[in-house]
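These are the residues of each chain, in order.
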Amino acid sequence: DLQALHGLERGRLRIAGVTTTEYFIAQWLRRYTDHHPGIEIELAVDNRDAVVRRLQQDDTELAVMMMPPQAPPLQRVPLMRNPLVLIGPLGHPWAGARRVPRAALNGQPMLMREAGSGTRLATEAYLHTHGLTPTLRATLGSNEAIKHAVAAGLGLAVLSRHALADDPAHDGVAVLPVAGFPIERRWLLVWRSDRRLSLAARRFVEFVQDHPPGGDAAPTGDSRAG
Ligand code: PGA
């Protein structure tokens with residue numbers, strides 16, 4: 001419509017992303033504001049459980065996460081891949097190996113994100129599926145804290161590849177070639193199917209569908225109730 005053409009819409013976009021999204025979401029927001037300069041953005045960054053609560057309490061209209069809940073009912077658009085890699089300190093002996101068997105993880109010191117983290121949930125599901133029993137050495141409340149603790153030699157951890165520099169050595173860590181890693185996950189853009197989206201939010205959904213982020217998103221034409 002004419003208003004959209006001239007970028008004259010006013011309003012506020014309320015969106016919440018899990019902590020791993022902070023590494024890329026600014027690039028989308030930047031491009032979205034190029035098209036919709038009149039819309040003010042309010043981005044919340046939280047772990048998975050907190051983002052789910054925001055959806056439940058109508059504290060946000062849109063959310064980006066990799067493990068959406070059963071309730072409330074959600075519409076979803078698949079976004080980029082989110083590979084979860086196993087990392088150790090730079091110079092870790094496994095880093096040079098071609099492949100390390102999963103069972104090598106048994107008894108290894110592991111660092112975990114806090115309860116409520118989707119990264120933690122995916123990691124625990126993986127360990128449980130394969131009957132692996134590393135030793136929990138520390139629980140840390142952010143991806144950055146995990147990264148620095150791994151670099152400092154406190155233990156191994158599973159982290160979104162997007163939370164690391166292109167060359168992980170710049171973060172003082174190495175990606176370890178343990179069988180079964182990376183754990184392949186994907187982010188989704190979700191919103192409540194029992195709510196009517198604001199104009200700002202609808203524009204954001206359209207924008208993401210027209211500009212698939214990362215270049216490796218699945219076809220996004222098929223948003224559907226989940
Ligand atoms: P989180 O993010 O660990 O901060 O909850 C996980 C995700 O990528 O969904």
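Refer to the structure printed above.
Because the structure is predicted, anything quoted here is derived from the model rather than measured. (Residues numbered from 1 in each chain as written. Predicted model: local features only at pLDDT ≥ 70, side-chain atom pairs only at ≥ 80, totals over all residues. Heavy atoms only, no water.)

Asker: Please provide a residue-by-residue account of the overall build of the protein chain, values included.
Answerer: Along its length, the protein chain carries 6 helices and 10 strands. Over its C-alpha atoms the protein chain spans a radius of gyration of 19 Å, differing by no more than 12% from the 17 Å that the globule rule assigns to 226 residues. By its C-alpha atoms, the protein chain is 60 × 35 × 30 Å across when sized along the principal axes. Per-residue burial over the protein chain gives 49% buried out of 226 residues. Accessible surface for the protein chain amounts to roughly 10,700 Å². Of this, 50% is attributable to carbon and sulfur atoms. (Helix = DSSP H or I, 4+ residues; strand = E, 2+ residues; numbered from the N terminus. Rg over C-alpha atoms; globule rule 2.2 N^0.38 Å. Buried < 20%, exposed > 50% of the residue type's maximum accessible area, 1.4 Å probe, protein only. Areas by Shrake-Rupley, 256 points an atom, 1.4 Å probe, with all protein chains shown as cover.)

Asker: With reference to specific residues and values, describe the environment of Trp 28.
Answerer: You can see Trp 28 is positioned in helix H2 (residues 25–35). Trp 28 sits in the buried class, given a relative accessible area of 4%. Along the chain, Trp 28 and Val 208 lie 180 residues apart, while their C-alpha atoms are 8.0 Å from each other.

Asker: A description of the site of the ligand should follow, citing residues and the corresponding values.
Answerer: Around the ligand sit Val 18, Thr 19, Thr 20, Asn 47, Arg 48, Met 66, Asn 82, Arg 113, Ser 117, Gly 118, Thr 119 and Trp 187, and those are all the residues in its vicinity. Here Met 66 contributes a backbone N or O atom positioned 3.0 Å from an oxygen atom of the ligand. Thr 119 has a polar side-chain atom sitting 2.7 Å from an oxygen atom of the ligand. By residue class, the composition of the shell around the ligand is 3 nonpolar, 7 polar and 2 charged. Split by domain, the shell around the ligand shows at least three residues from each of two domains, domain 1 (2–80 + 186–225) and domain 2 (82–184). (Near = heavy atom within 4 Å. Polar contact = N/O pair within 3.5 Å; in protein donor to acceptor, adjacent residues only side chain to side chain. Nonpolar A, V, L, I, M, F, W, Y, C, P; charged D, E, K, R; others polar. Domains from an automatic or database assignment.)

Asker: Quick one: what's the story with the nonpolar core, residue by residue and with numbers?
Answerer: If you look at the biggest cluster of nonpolar residues, it comprises 53 residues, and the most contacted ones within it are Leu 13, Trp 28, Leu 62, Leu 86, Leu 105, Leu 189 and Phe 204. Ignoring any residue separated from it by four or fewer positions in sequence, one finds Leu 62 in contact with Leu 13, Arg 14, Ile 15, Ala 16, Leu 189, Val 190, Trp 191, Leu 197, Ala 201, Phe 204 and Val 205. (Core = buried A, V, L, I, M, F, W, Y, C linked by side-chain atoms within 4.5 Å. Contact = heavy atoms within 4.5 Å.)

Asker: Give a description of the packing of H2 against helix H6 (residues 199–210) that names residues and reports values.
Answerer: At a minimum axis separation of 11 Å, H2 and H6 run at an interaxial angle of 115°. In this view, H2 runs roughly perpendicular relative to H6, as classed from their interaxial angle. H2 and H6 meet at a crossing whose hand is right-handed. For the pair H2 and H6, the contacting residues are Trp 28, Leu 29, Arg 31, Tyr 32 and His 35 in the first and Ala 200, Arg 203, Phe 204, Phe 207 and Val 208 in the second. Its residues assigned to classes, the contact of H2 with H6 shows 7 nonpolar, 1 polar and 2 charged. (Axes fitted to C-alpha atoms, helices over the stretch in contact; angles between N-to-C directions. Parallel < 35°, antiparallel > 145°, perpendicular 65-115°, else oblique. Left-handed = near helix turned anticlockwise from the far one by under 90°.)

Asker: Please give an account of the packing of aromatic side chains that cites residues and values.
Answerer: Counted by the stated rule, this structure contains 7 aromatic pairs. Ring geometry for Trp 28 versus Phe 204: centroids 6.1 Å apart, planes at 40°, classification tilted. Within this pair, whereas Trp 28 is found in helix H2, its partner Phe 204 is found in helix H6, the two being separated by 176 residues in sequence. For the pair Trp 28 and Phe 204, a shared accessibility class is recorded, and that class is buried. Put simply, the rings of Phe 24, Trp 28, Tyr 32, Trp 187, Phe 204 and Phe 207 pair up and form one aromatic cluster. (Phe/Tyr/Trp six-rings, centres within 6.5 Å; stacked < 30°, edge-to-face > 60°.)

Asker: With reference to specific residues and values, describe the pairing of strand E5 (residues 109–113).
Answerer: For a regular strand, the rule is simple: side chains alternate between the two faces of the sheet. Most of E5 sits out of view: 4 of its 5 residues are buried. The sheet contact formed by E5 and strand E6 (residues 135–140) spans 5 bridges and is parallel. Across the sheet, Leu 111 pairs through a bridge with Ala 138, a residue of E6. For the crossover from E5 across helix H4 (residues 118–129) to E6, the handedness is right-handed. By the bridge criterion, 2 bridges tie E5 to strand E7 (residues 156–160) in an arrangement that is parallel. Residue Met 110 lies in a different strand from E7, and its bridge partner there is Leu 156. (Pairing = 2+ DSSP bridges. Right-handed = clockwise from strand over helix to strand, strands pointing away.)

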